[in-house]
Amino acid sequence: DGQAASPWEGLGTTVAALSIALMCPRAPIDSAMVSLRLYKTGTADEKRDEAKLATALRVAGASLATLKQERCYMVALEDGAPALSAGDASKLRWLVAETFEQDKTSCSPGLAAPAASDAHTMLLEVGPRLTFATAWSSNAVAICQSAGLRSVARVEMSRRYLISTAEPLTPALRAAVSAALHDRMTEQVYPEPLQSFSSEAPAAAATRTIPLMAEGRAALERLDKEMGLGFDEADLDYYTNLFVDKLGRDPTDVECFDMAQSNSEHSRHWFFGGKMVIDGVEQPQTLFKMVKETLKGDKVVDNSVIAFHDNSSAITGFGVSPLRPSSATGPSEYKQTAELSHLLLTAETHNFPTGVAPFPGAETGTGGRLRDTHATGRGSLVGAGVSAYCTGNLRIPGFEQPWEDEAPLAPNLATPLDIMVSA
């Protein structure tokens, strides 16, 4: 394409050769409308998805016969933008194909819905919820715009599965298949190929007033159980006193929810930073002060570089001789330098998100650890990371152990086995 933006200049005949003549049909442009689709086979998740589905079916008393899958890339253009030119459509296809997999990318779906009489086969498509653009879409749009595709507004990816089972697919089995292959928190099933990213968000619930003035603490206890606010005894007493005795009014459910988050131990450290009273005697130090007390002393002060005032802690390191570019403003040779490199450690827990959505929860937990190290001091480089998981009994189908009980699980959490496999 002669109009390629700078990231593509110089590729010359390479781009021309890869921009093959097969052009995808382009629909008329409308707000949030999916105007172009690309399909790709041979994904890295195939084995993982097959294992998850086989396990789910085995638990449900069925068995997997075959599983085929492909990804669908759905593209929407800016409002009022013309359809992509042949060159731009070819460029977009080249990006989706990831350079070396042109033969695995097509403008037509490779999986077709089974005949209505086929009770053993189903076509399932799952993708992100439509109420927000995903982080993946933001990155994809940025790449497209850097490549000169300025009119691309949103790109989302769905997964399409063609599943066959040895047993007829009853409604219960279809539900088990769907549950095994998508995360109900961030994804949804697409009954039909998506035509538009537009979505009617559910109407906001009306704000409620909680009758603390009339019913006292009991009203707050009821709301706590209903909304899962996690108030302890001290919280219930404190907020009841705040609204009844000091403010003289009823709170709203929005206020109570806000206090449960922004005034929580996670955000405010009530427990670690608050006064400690043991057997009626107030202690001279808080838990935080006790922890920080370990930093006192000449040897400790000399060894501690960063503590309690950044995203991670650092201790005195040692001299190293890394190779660095001799210029930060352009191409240059690497030269050996002499530097003092300190050692940094950080820890991150991501328990609840990983319990609700194992893979995304663990993914953002890992991202948090990387962010914390990079954001410490003047920045750092990650050397190594360790992840550890502690769950309930796995109860692997066909490999249940005598000591594993069948304790009920919270309905909003993934199973221990799913956490260990997916996270």
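What counts as what
Residues numbered from 1 in each chain as written. Predicted model: local features only at pLDDT ≥ 70, side-chain atom pairs only at ≥ 80, totals over all residues. Heavy atoms only, no water. Axes fitted to C-alpha atoms, helices over the stretch in contact; angles between N-to-C directions. Helix = DSSP H or I, 4+ residues; strand = E, 2+ residues; numbered from the N terminus. Parallel < 35°, antiparallel > 145°, perpendicular 65-115°, else oblique. Left-handed = near helix turned anticlockwise from the far one by under 90°. Contact = heavy atoms within 4.5 Å. Nonpolar A, V, L, I, M, F, W, Y, C, P; charged D, E, K, R; others polar. pLDDT = per-residue confidence, 0-100. Buried < 20%, exposed > 50% of the residue type's maximum accessible area, 1.4 Å probe, protein only. Pairing = 2+ DSSP bridges.

Asker: Now, about the packing of helix 7 (residues 217-227) against helix 9 (residues 253-262): what can you tell me, with residues and values included?
Answerer: At their nearest, the axes of helix 7 and helix 9 sit 11 Å apart, and the two run at 70° to each other. As judged from the angle between their axes, helix 7 and helix 9 are roughly perpendicular. Of the two possible hands of crossing, helix 7 and helix 9 adopt the one that is right-handed. Here Leu 220, Leu 223 and Met 227 of helix 7 lie close against helix 9, whose contacting residues are Asp 253, Cys 256 and Phe 257. Considering only residue class, the contact of helix 7 with helix 9 consists of five nonpolar, no polar and one charged.

Asker: Break down the confidence of the model for the protein chain for me, citing the residues and quoting the values.
Answerer: For the protein chain, mean pLDDT is 84; residues scoring 70 or higher make up 91% of the total. In the model, residues 1-31 has pLDDT below 50 throughout and makes 52 contacts with residues more than four positions away in sequence or in other chains.

Asker: Residues and numbers for the environment of Phe 399, please.
Answerer: In this structure, Phe 399 sits in the loop between helix 15 (358-374) and helix 16 (416-422). Expressed as a C-alpha distance, the spacing of Phe 399 and Gly 365, which sit 34 residues apart in the sequence, is 30 Å.

Asker: Could you give me a rundown of unusual backbone geometry, with the residues and numbers involved?
Answerer: Its identity is not glycine, yet Asp 279 carries a phi of approximately 55°, on the positive side. Structurally, Asp 279 can be placed in the loop between strand 7 (277-278) and strand 8 (281-282). On the accessibility criterion, Asp 279 (78% relative accessible area) is exposed. Of note, the phi angle at Arg 395 is positive, near 45°, even though the residue is not glycine. Taking the relative accessible area as the measure of exposure, Arg 395 reaches 28% and is therefore partly exposed.

Asker: Go over the sheet that holds strand 2 (residues 64-77) with me, naming the residues and quoting the values.
Answerer: The strand order 3-1-2-5-4-6 describes an open sheet built from six strands, whose pairing is antiparallel. On the outer flanks of this sheet lie strand 3 (105-106) and strand 6 (187-189), each paired with one strand and no other. Pairing of strand 1 (residues 34-40) with strand 2 involves six bridges; the strand directions are antiparallel. Opposite Val 34, over in strand 2, you have Ala 76 as the bridge partner. Contacts from helix 3 (residues 86-96) reach strand 1, strand 2 and strand 3, with the element oriented near 40° to strand 1. Strands strand 2 and strand 5 (152-165) of the sheet are contacted by helix 4 (residues 135-146), whose axis makes an angle of about 125° with strand 5.

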